[in-house]
Amino acid sequence: MKIAFVSPFFGTEAAGGAESECRNTAIRLAASGINVEILTTCARDIHHNWNMNYYAQGVAREDGLTIRRFRTEHVNLEGFDALNKKIIQGVKLSEEEERLFMALYVNSLDLYRYLSAHGNDHDWICFIPYLFGTTVYGSLFNPARTILIPCLHDEGYARLQAVKELFHRSARIVFHVNAERELAQRLYGDLPGRILMIGEGIDTDLLSDADRFRARYNISSPFVLYAGRKDESKNVHTLIRYFTAYKEAHQGDLKLVLVGPASLPIPERMKDEILDLGFVPHQDRNDAYSAATVFCQPSLNESFSIVMMESWLCKTPCLVSGKCAVTREHVVRSGGGLYFDNYADFDGCLTYLMEQPDMRNRMGLAGREYVLSQFAWDTIISRYIREVLAD
Amino acid sequence: MPTITVVDTTRTICHRVRHMIESGTQKDHTPVDVEAIVADIRRRIQSVEPKAEATVTEPAMDEDLKVACDTFSGGHWPSGGVVALIRKAIYRMLGLKEFNARIVAILSRIVSVLNGTNVPESGTILGNQHRTINMLNQFSKRLDQYDDVKIAERLAALEEEIKRKRVSEKS
């Protein structure tokens, strides 16, 4: 069997959950004996100007994969920014504007020429994620062999007509969780392609040491942990605000520890209560999961949330926003934590978790069991082979 | 005994031992009913009192406003400290205790609108401030428990409404 993954960005330096999922899934499928080819651009990732061809074009072999890189089209990024702003603000684009937007959002005519000429050489072509010209235009060539791994979020981009058509023409669609599938059906109606609930693979052999973290960062208090990008798109500002209010209402030495890139303002009087450690090495982050009393994922818009899985592997329960259908589904299905819709919930749930160590342990173990049973790589690759790639 | 059986048995034993070690720390094997726990937490919250985020007592707010208005009533254009006090009072009227840079920027613009670009004549300040404060009070009553996403939009709308009000007052 020969398959291809089409992704706008690919490589160890490509930041982003979809890019990471693409790479890890492709490597493991290749290791299981499938001939896997990566079709991608020379651009680095979404955080870097995609007019710049960071990688050389051509063919390379890495980690058992054949990687074909194609040059991106040089576009007017100011024009893109203007249209992008409209979408983020919830403004509906005209048909013409939408076409222009998709034309500006990471395209490679060389890649499309390759798909046109060689698409039939592959049994399946997997497009990930849903947004970007490479997926929207790339999937036009061989829809009957198209597998869409959308990583769908409830956002303005998902409401573009071109995206609706993409979902309707894809032969198979791979979702991470039920909430993501329900969102797709709500936005696009009944889909003709085969719907598959597969999940995302997680490295389950995660090693961590709580004492090492506490010693290295000199933190002896119990703490709530957030790991990930610290910006408003992840709703971290709400976590900071809620935790500040919580500390003003409760005695105790509970801290909030933040790890990850970027930063948000922390009230001066909370500098000793909210500790922003910035970007920390991967092993330190794993150690932090174990040392934390509770892991908090406040994001309103996740399509999976790997950090929650990592926290559960370390047996730490999760407190998530109930407004994010995906993370809420995770905690309800697993029994691995609680969810909040507002500050009163946050206060009540955090107080409950702090006062119920036995239940906290049960939730941590339930979360771990959920990850091991649902998202271990063996399970995911087996599902891909039996359900996604099989006839 | 065929080797394969031995290997399988060893794997099974290892798996069971690992499971026993993990489950040994579990005191209760029943599934955790998250929905029931959250519902129970919410019932308990409601039975005590509605827990509002960062609530501010009215007396504290009134005290700040009184100091501000007393200063104005003397006909003195506010110093930086008093402007900060007014800003603080407005924050409180809006029910805000923590705010990001964007909200601070919007509120600062509101304050600058309230301050006006010219120094008002003595004797008119108090009346203007009272009208403005009353108006803000009305707005703040309409602002329910603030929503994470909508707050900036609401404040922007508030700012626009204040500007319109000032224009109509002038005319």
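Everything numeric here is computed off the predicted structure, so don't read it as measured data.

Novice: How do you make sense of the overall build of chain A when you look at a structure like this?
Specialist: Scanning chain A from terminus to terminus reveals 15 helices and 14 strands. Relative to the compact-globule value of 21 Å for 391 residues, chain A shows a C-alpha radius of gyration of 22 Å, a close match. C-alpha atoms of chain A, sized along the principal axes, occupy 65 × 45 × 40 Å. Looking at chain A as a whole, 58% of its 391 residues are labelled buried. Taking contacts inside chain A between residues at least 6 apart in sequence as the whole, the part at least 24 apart equals 66%.

Novice: What is the right way to look at the overall build of chain B in this model?
Specialist: Secondary structure summary: chain B contains seven helices and zero strands in total. Counted from the first residue to the last, chain B has its helices and strands arranged as α-α-α-α-α-α-α. Residues counted as buried form 30% of the 171 residues belonging to chain B. Counted over contacts in chain B with a minimum sequence separation of 6, partners at least 24 positions apart contribute 68%. Of the accessible surface of chain B, which amounts to about 11,000 Å², a share of 56% is contributed by carbon and sulfur atoms.

Novice: How should the packing of helix H13 (residues 343–355) of chain A against helix H14 (residues 357–374) of chain A be read in this particular structure?
Specialist: Each pair of packed helices gets described by two things: the angle between the helix axes and the distance between those axes. Residue and element names in this part refer to chain A. Their axes nearest at 5 Å, the elements H13 and H14 cross at an angle of 100°. On the basis of their axis angle, the class for H13 and H14 is roughly perpendicular. Residues Tyr352, Leu353, Met354 and Glu355 of H13 form the contact with H14, whose participating residues are Pro357, Met359, Arg360 and Met363. Of the residues in the contact of H13 with H14, the class split is six nonpolar, no polar and two charged.

Novice: In this structure, what is going on with the nonpolar core? I would like to understand it.
Specialist: All names here are of chain A. With 95 residues, the main nonpolar core has Phe5, Val36, Leu338 and Phe346 as its most contacted residues. Counting only domains with at least three residues in this core, you end up with domain 1 (2–201 + 376–388) and domain 2 (210–374). Those residues in contact with valine 36, other than ones at most four positions away along the chain, are Ile3, Phe5, Ala26, Leu29, Ala30, Leu65 and Thr66. Ranked by size, the runner-up nonpolar core spans 43 residues in total, among them Trp50, Val106, Leu111 and Val163.

Novice: Would you mind showing me how to read the sheet that holds strand S5 (residues 124–127) of chain A here?
Specialist: The strands that make up a sheet are held in pairs by hydrogen bonds between backbone atoms, and each pair lies either parallel or antiparallel. All names here are of chain A. Here we have eight strands laid out as an open sheet, ordered S3-S4-S2-S1-S5-S6-S7-S8, and mixed in their pairing. Taken across any chain shown, the strands that pair with only one partner, and hence form the sheet edges, are strand S3 (58–62) and strand S8 (194–197). Neighbouring strand axes in the sheet, compared pairwise and without regard to direction, differ in orientation by 25° on average. Here strand S1 (residues 2–7) pairs with S5 via four bridges, running parallel. When the sheet's bridge partners are listed, phenylalanine 5 is paired in S5 with cysteine 126.

Novice: Which parts of the structure should I look at to understand the pattern of salt bridges?
Specialist: Opposite charge on two side chains makes pairing possible when the charged atoms of those side chains draw close. Residues and elements named next belong to chain A. For the coordinates displayed, the defined rule picks out 23 salt bridges over all chains. Residue arginine 28 pairs with aspartate 203 through a salt bridge whose shortest N-O separation is 2.7 Å. Of this pair, arginine 28 sits in helix H1 (residues 17–31) while aspartate 203 sits in the loop between S8 and helix H8 (210–217), and the two are 175 residues apart along the sequence. Relative accessible area serves as the criterion here: at 41%, aspartate 203 is assigned to the partly exposed category. Across the salt bridge formed by arginine 285 and glutamate 310, the nearest N and O atoms sit 3.1 Å from each other. Of the two residues, arginine 285 is situated in helix H10 (residues 282–291) and glutamate 310 in helix H11 (residues 306–313); the sequence distance between them amounts to 25 residues. Judged by its relative accessible area of 9%, glutamate 310 is buried. When salt bridges that share partners are traced, they join Lys247, Lys255 and Glu273 into one network.

Novice: Help me understand the side chain of glutamate 19 of chain A, please; the structure alone is not making it clear to me.
Specialist: All names here are of chain A. With respect to the helices and strands, glutamate 19 occurs in helix H1. Buried and without a salt bridge, glutamate 19 has arginine 229 as its closest oppositely charged side chain, separated by 9.4 Å. Non-local contacts of glutamate 19, meaning those with residues more than four positions away in its chain, are made with Phe9 and Ala14.

Novice: Quick question: what am I supposed to make of helix H2 (residues 34–48) of chain B here?
Specialist: For an α-helix, the turn length of 3.6 residues means that residues three or four places apart are oriented alike. End to end, H2 of chain B covers 21 Å across 15 residues, agreeing with the expected 21 Å (1.5 Å per residue, within 8%). Taken as a whole, H2 of chain B has its buried residues at Val34, Ile37, Val38, Ile41 and Ile45 of chain B. Mapping the buried residues of H2 of chain B onto a view down its axis gives an arc of 95°, with all of them on the same face. Opposite the packed face of H2 of chain B, turned more than 90 degrees from it, sit the exposed residues Arg43, Gln46 and Ser47 of chain B. Close packing links the buried residues of H2 of chain B with helix H12 (325–334), strand S14 (337–340), H13 and H14 of chain A. Sitting at the head of H2 of chain B, aspartate 33 of chain B places a side-chain oxygen 3.4 Å from the backbone nitrogen of glutamate 35 of chain B.

Novice: Would you mind going over helix H15 (residues 377–388) of chain A with me for this structure?
Specialist: Residues and elements named next belong to chain A. Inspection of H15 places Trp377, Ile380, Ile381, Arg383, Tyr384 and Val388 among the buried residues, and these make up the whole buried set. Mapping the buried residues of H15 onto a view down its axis gives an arc of 155°, with all of them on the same face. Turned more than 90 degrees away from the buried face of H15, the exposed residues are Asp378 and Arg386. Residues of H15 that are buried in the fold lie against H1, S5, strand S6 (146–148), strand S7 (172–175), S8 and H14.

Novice: Sorry, what's going on with the sheet that holds strand S13 (residues 318–321) of chain A here?
Specialist: Residues and elements named next belong to chain A. The parallel open sheet is built from six strands, whose spatial order is S11-S10-S9-S12-S13-S14. With one partner strand each, in any of the chains shown, strand S11 (274–278) and S14 form the two edges of the open sheet. Mean inter-strand twist for the sheet, computed between neighbouring axes without regard to direction, equals 25°. Sheet analysis places strand S9 (residues 223–227) next to strand S10 (residues 255–259), joined by five bridges and oriented parallel. Following the sheet pairing, valine 224 is matched in S10 by leucine 256. Sheet contacts for H12: strand S12 (294–297), S13 and S14; angle to S13, the most-contacted strand, approximately 145°.

Novice: I keep staring at the confidence of the model for chain B and nothing clicks. Help me out?
Specialist: Should pLDDT be low for a region, the predicted coordinates there are not to be read in detail. Residue and element names in this part refer to chain B. Per-residue pLDDT for chain B has a mean of 53; in total, 11% of the residues score no lower than 70. When pLDDT is averaged over each helix and strand of chain B, the minimum, 43, is found for helix H1 (residues 3–24) and the maximum, 89, for H2. Segment residues 50–79 is flagged for pLDDT under 50; beyond a separation of four residues in sequence, or across chains, it makes 50 contacts in the model. Scoring of the predicted complex yields 0.71 for pTM and 0.84 for ipTM.

Analysis parameters
- Starting afresh in each chain, residues are numbered from 1 along the sequence in its written order.
- Chain labels run from A onward and ligand labels from 1 onward, assigned in the order the entries are written.
- With pLDDT at 70 or above as the cut-off, local features in this predicted model cover only qualifying residues; side-chain atom pairs require 80 or more to be listed or tallied, and sums for whole chains, interfaces and linings still use all residues.
- Working from all heavy atoms in the structure, the side-chain values ignore hydrogens and water.
- For helices the rule is a DSSP run of H or I covering at least 4 residues; for strands it is a run of E covering at least 2, with both sets numbered from the N terminus onward.
- With C-alpha atoms as the basis for the radius of gyration, the globule rule is written as 2.2 Å multiplied by the number of residues raised to the power 0.38.
- Only protein chains enter the accessibility calculation, which uses a 1.4 Å probe. A residue is then buried if its area is under 20% of the maximum for its type, exposed if over 50%, and partly exposed in between.
- Contacts: residue pairs with any heavy atoms within 4.5 Å of one another.
- What sets the accessible areas is the Shrake-Rupley method with a 1.4 Å probe; for residues, cover comes only from the shown protein chains.
- What counts as an axis is a line fitted to C-alpha atoms, over the stretch in contact for a helix, and the angles between N-to-C directions run from 0 to 180 degrees.
- Just so you know how the angles are binned, under 35 degrees is roughly parallel, over 145 roughly antiparallel, 65 to 115 roughly perpendicular, and the rest oblique.
- Ten residue types, Ala, Val, Leu, Ile, Met, Phe, Trp, Tyr, Cys and Pro, are classed as nonpolar, four, Asp, Glu, Lys and Arg, as charged, and the remainder, Gly among them, as polar.
- Buried Ala, Val, Leu, Ile, Met, Phe, Trp, Tyr and Cys residues that are joined via side-chain atoms within 4.5 Å together make up what is termed a nonpolar core.
- Each domain's limits were defined by an automated method or a database of domain assignments.
- Note: two strands are recorded as paired if DSSP finds a minimum of 2 bridges between them.
- Salt-bridge detection follows one rule: a side-chain nitrogen of Lys or Arg within 4 Å of a carboxyl oxygen of Asp or Glu.
- His is not counted here, nor are the chain ends, while Lys and Arg score as positive and Asp and Glu score as negative.
- Here, expected helix span is obtained from the residue count minus one, scaled by 1.5 Å.
- Think of it as the arc spanned by the lines of direction from the helix axis to the C-beta atoms.
- In protein, a polar contact means a hydrogen-donor-capable atom and an acceptor-capable atom, both N or O and within 3.5 Å, with residues adjacent in sequence counting only if both atoms are side-chain atoms; elsewhere, any N or O pair within 3.5 Å suffices.
- A residue's pLDDT is simply how confident the predictor is in it, with values from 0 to 100.

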